[in-house]
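Residue strings, one per chain:
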Amino acid sequence: MHRFLLTPRWWGINVFVALSIPFCLFMGTWQLGRFEDRVGSHAEARAERPADQAPAPLDSLLPVDTKTSGRLASTAGEYGQQLLVPERDLGGKPGFYVLTLLRTDSGKTVPVVRGWLPGTADPAKAPAPPTGRVEVTGALQSSESSGTKGVHAQGGLPPGQLGVIGAATLVNLVHEPLYDAWLTVQTPVDGMTPVPAKAPNNTGLDLKAFQNLGYTGEWFVFVAFVLFMWFRLYRREVETLRDAESGLLPAEAPAPAAADPAGKPEATPEPEATPEPATARPAE
């Protein structure tokens, strides 16, 4: 009864099932691993830094990664141009960052967020930076992009304001080389509120992390669906064979008579008449 499994049709079905199930299991496991990696990196990023950890030189912590993001970095130089970063909420309150460009002793410039102030961005509210050579210590942060949460990426800001903190947006304002990072001072300065360091990119439990979890469930559901459809086809095939063996399937109807082009059934030809045998006439 199960010889139908060796037919070409069922060979194709079985090969498809044998290949699709391992593939779906692999993809589901891979997506689950991606989600676990994001959870682990999120926990690592939120872990408190040791209170007695000494600041490290800025250059030694670059490039910024999950291990160096949020670390205290130290550098020295002179403050230059000051910019305001509007539409930055802190503690649920609207406000703006006070960002000052620091030209370091190495000749490269690094943006320094000296603090946060409530309300709309107003240059008159921002305290002037210190003059002369200064030593700065702040939490290291990676450059923002237009896709970073909370940034003003639409443009159209007035002069003296910056929407995205990053080298790509500052390259037209600074003639010196730029660090691909920025610092946020963690101690109160001139009455401003310190801006806390953010978690590194791609480490939070954001929408992408839960997308990985959703894809994991979808791949495992595909495995169950493939098995269900194979079993359903197999069961239907077995039931059909059993009905055929029991004589439960309807008998095939006789084929209809052939029709001529006009749509009328062709007439059955009459059998030819058998010629009568000739009889001999008597001689006269």
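Bear in mind that the values here come from a model prediction, so they are computed numbers and not experimental data. (Residues numbered from 1 in each chain as written. Predicted model: local features only at pLDDT ≥ 70, side-chain atom pairs only at ≥ 80, totals over all residues. Heavy atoms only, no water.)

Visitor: Sorry if this is basic, but what is going on with the pairing of strand β2 (residues 72-85) here?
Guide: Two faces belong to every sheet, and in a regular strand the side chains alternate between them. By the bridge criterion, two bridges tie strand β1 (residues 56-57) to β2 in an arrangement that is parallel. Opposite P57, over in β2, you have S74 as the bridge partner. Across seven bridges, β2 lies against strand β5 (residues 133-142) in antiparallel orientation. By the bridge assignment for β5, L72 is matched with A139. (Pairing = 2+ DSSP bridges. Helix = DSSP H or I, 4+ residues; strand = E, 2+ residues; numbered from the N terminus.)

Visitor: Even after reading the chapter, I still don't get the pattern of salt bridges, so can you show me in this structure?
Guide: Opposite charge on two side chains makes pairing possible when the charged atoms of those side chains draw close. Across all of its chains, the model carries seven salt bridges by this definition. Where D190 meets R114, a salt bridge forms, and the shortest distance between an N and an O atom there is 3.0 Å. Taken together, the residues D190 in the loop between β6 (181-184) and α3 (207-246) and R114 in strand β4 (residues 109-118) connect sequence positions 76 residues apart. For the salt bridge of K198 with E144, the shortest nitrogen-to-oxygen distance reads 3.5 Å. With K198 in the loop between β6 and α3 and E144 in the loop between β5 and α2 (167-170), this residue pair connects regions lying 54 residues apart in the sequence. It is possible to trace a salt-bridge network through shared partners that takes in R88, E144 and K198. (Salt bridge = Lys/Arg side-chain N within 4 Å of Asp/Glu carboxyl O.)

Visitor: Would you mind going over the packing of aromatic side chains with me for this structure?
Guide: Where two aromatic rings form a pair, the distance of their centres and the angle of their planes describe that pair. Enumeration according to the criterion identifies four aromatic pairs in this entry. A centroid spacing of 6.1 Å and a plane angle of 85 degrees characterise the contact between W10 and W230, whose relative ring orientation is edge-to-face. Of this pair, W10 sits in helix α1 (residues 8-46) while W230 is found in helix α3, placing the two residues 220 residues apart along the sequence. Assessed through its relative accessible area of 0%, W10 is described here as buried. Where W219 meets F222, the ring centres are 5.5 Å apart and the plane angle is 90 degrees; that geometry is what we call edge-to-face. Separated by three residues within a single helix, W219 and F222 lie in helix α3, roughly one turn from each other. Note on F222: relative accessible area 39%, which makes it partly exposed. (Phe/Tyr/Trp six-rings, centres within 6.5 Å; stacked < 30°, edge-to-face > 60°. Buried < 20%, exposed > 50% of the residue type's maximum accessible area, 1.4 Å probe, protein only.)

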